[in-house]
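Structural overview for review
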Amino acid sequence: MAKVVVDGKTVVVPDTANALEACRAAGVDVPHFCYHPGLSVVGQCRMCMVEIEGMPKVQASCTVPIRDGMVIQASSERARAARNATMEFLLVNHPLDCPICDQAGECKLQDNAVAGGLPVSRTSEPRRQYPGYDRTDIGPHVIADMTRCIQCTRCIRFCAEVAGTGELTFIERGGHTIVWTHEGHQLDNEWSGCAADVCPVGALTVKEFRFRKRVWWLAKARSVCDGCEIGCNVSIEHRDRVVHRYLPRVNPHVNDFWMCDYGRFRAEGLNRQDWLRPVVRAGGEARETNWGEAATAVQLAIDEARGADPASVLVLGSANASTEESWLLAELFSRTLGLPNVEFDVDAGPLRRIPNPKAAGAEGRFLTGTLAAPNARGTEAAGIRRVGADSALARLLSGSWAPEVLYVTDAAFSARCDDPEFVAALRKAKKLVVNARGKNALSEAADVVLPVGSLATKEGTFVNVQGRIQRFEAAFLPPPIVKSDLEVLLHLGRRWGAFDTRWTARDVFERMRDRVAGYGGARWDAPAIAGYPCSLSPAAAYDALAAGREADDPDATHVLAAPAGGRP
Ligand code: SF4
Ligand code: SF4
Ligand code: FES
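Owing to the predicted nature of the structure, the values given are computational and were not obtained by experimental measurement.

1. Notes on the pairing of strand β9 (residues 178-181)
Along β9, one buried face is formed by I178 and W180 and the opposite face, lined by V179 and T181, is buried too. Where strand β8 (residues 168-171) hands over to β9, the hairpin turn is made up of 6 residues, of which E172 adopts a positive phi near 65 degrees.

Printed below as a string of structure tokens:
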């Protein structure tokens, strides 16, 4: 560690820090563009100029390694004058089209101009134009507009150093320099949206979000991507109960600053809500009803079947459920009603990868996930068995057995739920009950449909592939009548005298934590479980690291041990 003095304030920073990081540690925000803690240092933009005692000229602070006793003047007249000169130079050719630029509101150039730029322009010449290189697709998800580029090279370094795909490069020279894809290539890698995230200006924007909503209208909620078992931390960005985008939420222990495109564009799916009221089917006719009648139908069916034989009921949990929901499921159906067949199944999905050598450890530079759901480990820890060769689901699918009642608590627990053959096999149950949000073959074949909200409408915890407990919060309430999965379980549980419908996810967490392996002593609001705050701007997502420093407290980190016999 080294002691550094910034504008008269002494801070202690790691020996590996640079002068810009020392300034940030001292709470002095030195404007910058090309610096990003997830990328190499190149000193490209010359925006971060400061004075350093003993050095005759102003220095680009991101390029200067600190040394013990260094004295930095970040706010001196000379430092400000140097930064103003850089800003003026960058703005000479900037189109200043903020009113029609989708980056406005989260643009570093705009922020730095407003915070410290000159109030008037000293140039009247027309701005540089790049016909053919403006508002142009450069990949499936990213649109480039080179009139706005400030040549910081963040996007080039992201593709070369993080993605390892290197699609982007500089072409032309001097004042004509632009960033573009190599001849014959597109910006098309597993994390291409992150190249737009790191762009500090509106030169690269994400096609799917472009012009959907001004960013200052968006509210943000801390969540966790449910696309696979890695559990990348995300910010759900929403307005008026509509989700407009996911942004990666920084977490150095999991996804660092990144998320994959597959996960990023799942955000749109959160807006789908086909089932809006409970439905019961009688005599082949489906009829909308109220929760009371639907819950009574479920209770009567289960009571009648378990009265004859508890093994004639099959309850399927889901690795998409929170650990709290899975614990309620096990508590109600296994421990209270004594049903022996309470299981869950999870798809082995395509391999997902997040570049983060710190988290990947010995496995290489990627953290990987092979299961297509976020909480297989939490579901198992909560007491639900994963299906195996001798499981009730396996017997049902093989045609050797059929339950009286099959309760599927997540109509999207597997991609097979849209496969008519799979659904026909499940439909062999005399009574089929499902919790569902989107219509699919399984939910349309059910006798009772209980409508549930999306991930954006619920809260709880997931346990990711590393065994980390990660909390997600609700962005907004489900539509009227629709309930969260937790509410459905509480509602059903009350009918058997097991639960109180006033319990929140936090109440359930506190009830279950000393009974679920790995959750002992965990705190709902522990920073390591809640994660880092959402950032104001994707280009400066690392700002949240300072705001959530306590999330790094190793004593507050809960990590589940790997289950005996390997990963679930
Ligand atoms: S496109 Fe954006 S990230 Fe890439 S060099 Fe230009 S300003 Fe920087
Ligand atoms: S790697 Fe998995 S958890 Fe991360 S963004 Fe992609 S799908 Fe989501
Ligand atoms: S941030 Fe230091 S030179 Fe660009």
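Next comes the rest of the account.
2. Examining the packing of aromatic side chains
One pass over the full model with this rule turns up 12 aromatic pairs. Between Y133 and W180, the ring centres sit 4.7 Å apart and the planes meet at 90 degrees, which makes this aromatic pair edge-to-face. On the criterion of sequence distance, the pair formed by Y133 in the loop between α3 (108-116) and β6 (136-137) and W180 in strand β9 is long-range, its members being 47 residues apart. In this structure Y133 comes out as partly exposed when scored by relative accessible area, which is 29%. W180 gets classed as buried once you look at its relative accessible area, which sits at 12%. Ring centres of F333 and W496 lie 6.3 Å apart, and the angle between their planes is 70 degrees; on these two criteria the pair is classed as edge-to-face. Separated by 163 residues along the polypeptide, F333 in helix α8 (residues 323-336) and W496 in the loop between α14 (485-495) and α15 (505-512) bring together distant segments of the chain. Taken individually, F333 and W496 each receive the classification buried, so the pair is uniform in this respect.

3. Points about the pairing of strand β25 (residues 469-472)
The two faces of β25 match: I469 and R471 on one face and Q470 and F472 on the other face are all buried. Both strand β24 (residues 460-463) and β25 contribute to a ladder of 4 bridges, which runs antiparallel. Residue pairing across strands places T461 opposite R471, the latter belonging to β25. Counting the residues between successive antiparallel strands, the hairpin from β24 to β25 contains 5 residues, one of them, G467, with a positive phi of roughly 90 degrees.

4. Structural notes on a negative patch on the surface
Together, D418, D419, E421 and E444 give the surface a local cluster of negative charge. By the secondary structure assignment, E421 is in helix α12 (residues 420-426). With a relative accessible area of 69%, E421 lands in the exposed category.

5. A word on the site of ligand 2
Around ligand 2, the neighbouring residues are C225, G227, C228, I230, G231, C232, M259, C260, Y262, G263, R352 and I354. Cavity membership is defined here by more than half of the atoms lying within 2 Å of grid points; on that basis ligand 2 lies in the largest cavity. Of all the elements in the fold, those that place two or more residues in the shell around ligand 2 are α6 (261-264) and β18 (348-355). When grouped by side-chain class, the residues that make up the shell around ligand 2 number 8 nonpolar, 3 polar and 1 charged.

6. With respect to the packing of helix α7 (residues 291-308) against α14
Look at α7 against α14: their axes get within 10 Å of each other, and the N-to-C directions meet at 60 degrees. Crossing angle aside, the handedness with which α7 passes α14 is right-handed. Of the residues in α14, those in contact with W291, G292, A295, T296, V298 and Q299 of α7 are V488, H491, L492 and R495. By residue class, the composition of the contact of α7 with α14 is 5 nonpolar, 4 polar and 1 charged.

7. Details of the side chain of E343
Here E343 lies in strand β17 (residues 342-345). Note on E343: relative accessible area 2%, which makes it buried. A polar contact is formed between the side chain of E343 and the backbone nitrogen of A392, at a distance of 2.7 Å. If we skip the residues at most four places from it in the chain, E343 touches L314, V315, L316, G317, I384, R385, V387, S391, A392 and L393.

8. What to know about empty space enclosed by the protein
Enumeration according to the criterion identifies 5 cavities of 30 Å³ or more in this entry. If you add up the space inside the largest cavity, you get close to 100 Å³. As for the largest cavity, its lining consists of 13 residues, of which C225, C228, C232, C260 and G263 are closest to the centre. Only α6 and β18 provide two or more residues apiece to the lining of the largest cavity. In terms of residues, the lining of the largest cavity owes the most to one element, β18, which gives 3 residues. Looking at the lining of the largest cavity residue by residue, the classes come out as 8 nonpolar, 3 polar and 2 charged.

9. Some points on the domain arrangement of the protein
By domain assignment, the protein separates into domain 1 (2-92), domain 2 (98-103 + 116-211) and domain 3 (271-556). Measuring from the centre of the C-alpha atoms in domain 2 to the corresponding centre in domain 3 gives 41 Å. The partner domain 3 presents 8 residues to the 11 residues of domain 2 that form the contact. With both chains or domains summed, domain 2 and domain 3 bury close to 680 Å², and 44% of this area falls on carbon and sulfur atoms. On inspection of domain 2 and its partner domain 3, the count reaches 1 salt bridge. Counting the contacts that link domain 2 with domain 3 gives 7 residue pairs in polar contact (both at pLDDT 80 or more). When contributions to the side of domain 2 that touches domain 3 are tallied by element, the ones reaching two or more residues are α4 (154-163) and α5 (192-198). For the side of domain 2 that touches domain 3, the element with the highest residue contribution is α4, accounting for 4 residues. Each residue belonging to the side of domain 2 that touches domain 3 can be placed in one class, and the counts come to 6 nonpolar, 1 polar and 4 charged.

10. Looking at α15
Among the residues of α15, A505, V508, F509 and M512 are the ones counted as buried. End-on view of α15: buried residues confined to an arc of 105 degrees, all on one side of the axis.

11. What about the site of ligand 1?
Residues in close proximity to ligand 1 total 13 residues, the closest being C149, C152, T153, C155 and C199. Looking at the shell around ligand 1 residue by residue, the classes come out as 10 nonpolar, 2 polar and 1 charged.

12. Some remarks on the packing of α8 against α15
For the pair α8 and α15, interaxial distance at closest approach is 9 Å and the crossing angle is 65 degrees. As for the relative orientation of α8 and α15, their crossing is left-handed in sense. Residue-level inspection shows T323, E324, W327 and L328 of α8 in contact with α15, the latter providing A505, V508, F509, R511 and M512. By residue class, the composition of the contact of α8 with α15 is 6 nonpolar, 1 polar and 2 charged.

13. Notes on the sheet that holds strand β11 (residues 219-224)
One open sheet holds the 3 strands; their spatial order is β11-β12-β13, and the pairing between them is antiparallel. Of all the strands in the sheet, just β11 and β13 (242-248) have a single pairing partner and so form its edges. When the angles between neighbouring strand axes are averaged without regard to direction, this sheet yields 30 degrees. One ladder, built from 6 bridges, connects β11 with strand β12 (residues 233-239); its direction is antiparallel. Along β12, the bridge assignment pairs K220 with E237.

About the thresholds
Residues numbered from 1 in each chain as written. Chains lettered and ligands numbered in written order. Predicted model: local features only at pLDDT ≥ 70, side-chain atom pairs only at ≥ 80, totals over all residues. Heavy atoms only, no water. Buried < 20%, exposed > 50% of the residue type's maximum accessible area, 1.4 Å probe, protein only. Helix = DSSP H or I, 4+ residues; strand = E, 2+ residues; numbered from the N terminus. Pairing = 2+ DSSP bridges. Phe/Tyr/Trp six-rings, centres within 6.5 Å; stacked < 30°, edge-to-face > 60°. Patch = residues over 30% accessible without salt bridge, like charges linked within 9 Å, V, L, I, M, F, W, Y side chains within 5 Å. Areas by Shrake-Rupley, 256 points an atom, 1.4 Å probe, with all protein chains shown as cover. Salt bridge = Lys/Arg side-chain N within 4 Å of Asp/Glu carboxyl O. Lys, Arg positive; Asp, Glu negative; His and termini not counted. Charge placed at Lys NZ, Arg CZ, Asp CG, Glu CD. Near = heavy atom within 4 Å. 1 Å grid on protein atoms, 1.4 Å probe; cavity = no way out; pocket = protein on both sides within 12 Å on 5 of 7 lines; lining within 4 Å. Sits in = over half its atoms within 2 Å of the grid points. Nonpolar A, V, L, I, M, F, W, Y, C, P; charged D, E, K, R; others polar. Axes fitted to C-alpha atoms, helices over the stretch in contact; angles between N-to-C directions. Left-handed = near helix turned anticlockwise from the far one by under 90°. Contact = heavy atoms within 4.5 Å. Polar contact = N/O pair within 3.5 Å; in protein donor to acceptor, adjacent residues only side chain to side chain. Points joined across faces, edges and corners; volume = space filled by probe spheres on them. Domains from an automatic or database assignment. Buried area = accessible area lost by both parts, 1.4 Å probe. Arc of directions from axis to C-beta.

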